[in-house]
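The lines below spell out each chain.
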Amino acid sequence: MREPVYYSGSAEFFDTHAHIYDRKYADCNTTVEDILQRCRASGVTSMLIPADSEETSRLAVDMAVKYDSFEGITLYASCGVHPHEAKSYTEDTEKYLRDCLENREAKKIRALGEIGLDYYYDLSERSVQRVVFEKQLELAYEYDVPFILHERDATGDCLDILRRFYKEGRLRSLPGVCHCCSCSLEASQELIKMGFYIGFDGPLTFKNNKKTPEVALNTPWDRIVIETDSPYLTPEPNRGLINEPCHVAYVCGKLAEIKGVTIEEAAQITYDNGNKIYGVN
């Protein structure tokens, strides 16, 4: 297997979406300490660890608390139930999420998520996904926290739900982040008008991807954050290898190229945006 290429410049990055608890790392004998050491060497100084179930919510919180400031990296977490896991959502799950949100400062929680709809895999019934999505949207509004939106092959239903909450005044002025945005330019513009940030990941760097660069070009700077979705969606030049947060530099570099700025400028803007949407400082 080829060796990954690492960024060695002076920019500092905020990876706003990295599942560093994922079992894929253990399978290749990579520890959290290994990941964070490579992060620091590659300029990543802030990271949000997102959840997709009650189990991973606990893992994300534990890691954010345990490893915060390790190698000088500031860590945050989210809690929430992904549409794949919607079938497992119970009253006890909601009670757990409420406890997390009520104690979010101590638990380093900055968002609810990932939540949303995924009709590509249909691992939970679509009707169940919609119900659980709405339940968690209500929690986000009740507790005044941003949410991490996951949407795949479900743009129509997702937007219908969000439009209704928006019109009813049940979305925050900055509702959250459209994670790993893969929707059309038109859909992304509608999300931006609702107040959303748009998250860009490894696919932005893929040579055969024409849609996402167009979305990035037309997204205002003050609505952009960068992510890796580690261990998935590894950007070029490391595509095909396991992804780590240290590779977020290549997402930022491609974004800088599309926008016609330096990587240092793009890194600073997206860092500030990550801090703003997740209530840091």
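The rules behind these values
All residue numbers refer to positions counted from 1 along the written sequence of the respective chain. Per-residue local features are limited, in this predicted model, to residues with pLDDT of at least 70; the limit for side-chain atom pairs, both in listing and counting, is 80 or more; totals at the level of whole chains, interfaces and linings are taken over all residues. Hydrogens and water molecules were not included; the side-chain quantities draw on all heavy atoms of the structure. Per the convention used, a helix needs a DSSP run of H or I reaching at least four residues, while a strand needs a run of E reaching at least two, with both numbered from the N terminus. Two things to know: the radius of gyration comes from C-alpha atoms, and the globule rule equals 2.2 Å times the number of residues to the power 0.38. Only protein chains enter the accessibility calculation, which uses a 1.4 Å probe. A residue is then buried if its area is under 20% of the maximum for its type, exposed if over 50%, and partly exposed in between. Contacts are residue-level and defined by heavy atoms, with any inter-residue pair within 4.5 Å sufficient. Each patch is built from salt-bridge-free residues with over 30% relative accessible area, joining like charges within 9 Å and nonpolar side chains (Val, Leu, Ile, Met, Phe, Trp, Tyr) within 5 Å. Each accessible area is a Shrake-Rupley result for a 1.4 Å probe, and residues are judged covered by the shown protein chains and nothing else. One speaks of a salt bridge when a side-chain nitrogen belonging to Lys or Arg is within 4 Å of a carboxyl oxygen belonging to Asp or Glu. Expected span of a helix, by definition, is 1.5 Å for each gap between consecutive residues, and there is one gap fewer than residues. Directions pointing from the helix axis toward each C-beta atom define the arc. Here a polar contact is taken to be a pair of N or O atoms separated by no more than 3.5 Å, where protein atoms must pair a possible hydrogen donor with a possible acceptor and residues adjacent in sequence count only if both atoms sit in side chains. In this scheme Phe, Tyr and Trp rings, the latter by its six-membered ring, pair at centre separations within 6.5 Å, and the angle between planes marks the pair as stacked below 30 degrees, edge-to-face above 60, and tilted otherwise. Cation placement over rings: the criterion is NZ of Lys or CZ of Arg within 6 Å of the ring centroid and within 35° of the ring normal. Throughout, a disulfide means two cysteine sulfur atoms within 2.5 Å of one another.

Trainee: What should I look at first to understand the overall build of the protein chain in this one?
Mentor: What the protein chain contains, in helices and strands, is ten helices and eight strands. Radius of gyration (C-alpha) of the protein chain: 17 Å, near the 19 Å computed for a compact globule of 281 residues. Each principal axis of the C-alpha atoms in the protein chain carries an extent, and together these give about 45 × 40 × 35 Å. Across the 281 residues that make up the protein chain, the buried fraction comes to 57%. Considering only residue pairs separated by 6 or more positions, the protein chain has 76% of its internal contacts joining residues 24 or more positions apart.

Trainee: Teacher, can you tell me more about a nonpolar patch on the surface here?
Mentor: A grouping of Tyr120, Tyr121 and Leu123 is seen on the molecular surface, where their side chains present a nonpolar patch of about 330 Å² in accessible area. One can find Leu123 in the loop between strand S4 (109-118) and helix H5 (126-142).

Trainee: Is there a simple way to think about the environment of Ala140 in this case?
Mentor: With respect to the helices and strands, Ala140 occurs in helix H5. Along the backbone, Ala140 and Pro4 are 136 residues apart, and their C-alpha atoms lie at a distance of 38 Å. Setting aside residues up to four positions removed in sequence, Ala140 forms contacts with Leu112, Val145, Phe147 and Arg172.

Trainee: Looking at this structure, I do not really get helix H4 (residues 91-102). What am I missing?
Mentor: Given a rise of 1.5 Å per residue, twelve residues ought to cover 16 Å, and the 16 Å separating the end C-alpha atoms of H4 matches this to within 8%. Within H4, burial applies to Thr93, Glu94, Tyr96, Leu97, Cys100 and Leu101. Looking down the long axis of H4, one finds its buried residues gathered within 160° of arc, a one-sided arrangement. Turned more than 90 degrees from where H4 packs its buried face, Glu91, Asp92, Lys95 and Glu102 sit exposed. Buried positions along H4 lie against helix H3 (54-67), strand S3 (74-79), S4 and H5. Measuring from the side-chain oxygen of the N-cap residue of H4 to the backbone nitrogen of Asp92 gives 3.3 Å; that N-cap residue is Thr90.

Trainee: Explain the packing of aromatic side chains to me, please; I cannot follow it from the model alone.
Mentor: Here the distance between the centres and the angle between the planes together describe a pair of aromatic rings. Scanning the model with the defined rule gives six aromatic pairs in all. Taking 6.1 Å as the distance between ring centres and 90° as the angle between the ring planes, the aromatic pair formed by Tyr67 and Phe70 counts as edge-to-face. According to the relative accessible area criterion, Phe70 is partly exposed, its value standing at 27%. With a centroid separation of 5.5 Å and an interplanar angle of 75°, the aromatic rings of Phe147 and Phe196 are classed as edge-to-face. Here the residue Phe147 occupies a position in strand S5 (residues 147-152), and Phe196 occupies one in the loop between helix H7 (185-194) and strand S7 (197-200), the gap between them amounting to 49 residues. Each member of the pair Phe147 and Phe196 is classed as buried. Among the aromatic residues, those joined into a cluster by ring pairs are Phe14, Tyr76 and Tyr271. Taking the ring centre of Tyr120 as reference, the NZ or CZ of Arg152 above it sits at 3.6 Å. Positioned above the aromatic ring of Phe165 is the side chain of Arg170, whose terminal nitrogen or guanidinium carbon lies 4.0 Å from the ring centre.

Trainee: Even after reading the chapter, I still don't get the state of the cysteines, so can you show me in this structure?
Mentor: Inspection of every chain in the model, using the stated rule, returns zero disulfides. Cys100 supplies the cysteine sulfur nearest to Cys79, a cysteine that is in no disulfide, at a spacing of 4.3 Å. Cysteine Cys180 remains unbridged, with the sulfur of Cys181 as its closest cysteine sulfur at 8.2 Å. You can call Cys180 buried: its relative accessible area is 18%.

Scope: geometric values only; no functional claims are made or implied.
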